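# Report on the structure
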Amino acid sequence: WGCVSLTSINFGNNSKLETIGEEAFGWCGNLTSINIPNSVTSIGHWAFEWCENLKSINIPNSVTSIRYLAFGWCKNLKDIFYKGTKRQWKSIDKVKDWDMVTPDYTVHCTDGDLKKGEF
């Protein structure tokens, strides 16, 4: 939390991480990209809150929940690359305001794109 110099996160292909916990990378203002490992099933409350320079996120289809303000105030978010279908993306348990104060980003799924608000 608050690692101002952090610019990217890549957990690697062999990660056994299942949850990105509450406030794990919140307030990391210079973070521009995240590659979440295939082992993750849950993204916690405020996990990436106020990562103002975050532009892209890679989310695997193993994720089943995204909690409150997980990506809140990510004011430069442009692209979410989801490794599943549009139907799978829509079925993720996304708590209200998980993406509060974000721009009009696009979710790129394996079978097409969704714009913010289409899910």
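What comes next concerns the included structure. (Residues numbered from 1 in each chain as written. Predicted model: local features only at pLDDT ≥ 70, side-chain atom pairs only at ≥ 80, totals over all residues. Heavy atoms only, no water.)

## Overview of the pattern of salt bridges
Scanning the model with the defined rule gives 2 salt bridges in all. For E52, the salt bridge is made with K75, and the minimal N-O distance between the two is 3.9 Å. You can see E52 sitting in the loop between strand 4 (42-43) and strand 5 (56-60) and its partner K75 sitting in the loop between strand 6 (65-66) and strand 7 (79-83), a full 23 residues away along the chain. E52 gets classed as partly exposed once you look at its relative accessible area, which sits at 33%. K75 gets classed as partly exposed once you look at its relative accessible area, which sits at 40%. Note that R67 and D93 form a salt bridge whose closest N and O atoms lie 3.0 Å from each other. Taken together, the residues span a long stretch of sequence, with R67 in the loop between strand 6 and strand 7 and D93 in strand 8 (residues 93-94) at a distance of 26 residues. Under the relative-accessibility criterion, D93 is labelled partly exposed at 40%. (Salt bridge = Lys/Arg side-chain N within 4 Å of Asp/Glu carboxyl O. Helix = DSSP H or I, 4+ residues; strand = E, 2+ residues; numbered from the N terminus. Buried < 20%, exposed > 50% of the residue type's maximum accessible area, 1.4 Å probe, protein only.)

## Structural notes on the nonpolar core
One finds I43, F48, F71 and W89 to be the most contacted residues of the largest nonpolar core, which totals 30 residues. Every element with two or more residues in this core is listed here: strand 5, strand 7 and strand 9 (106-109). When near neighbours in sequence (up to four residues on either side) are disregarded, F48 contacts I9, I20, F25, G26, L31, I34, I43, A70, F71, G72 and C74. (Core = buried A, V, L, I, M, F, W, Y, C linked by side-chain atoms within 4.5 Å. Contact = heavy atoms within 4.5 Å.)

## Focus: the side chain of S62
Summarising the element assignment, S62 is placed in the loop between strand 5 and strand 6. Classification of S62 as buried rests on a relative accessible area of 18%. A polar atom in the side chain of S62 sits 2.6 Å from the backbone oxygen of N38. Reaching out from S62, the side chain makes a polar contact with the backbone oxygen of V40 at a distance of 2.6 Å. The residues contacting S62, other than those within four sequence positions of it, are P37, N38, S39, V40 and T41. (Polar contact = N/O pair within 3.5 Å; in protein donor to acceptor, adjacent residues only side chain to side chain.)

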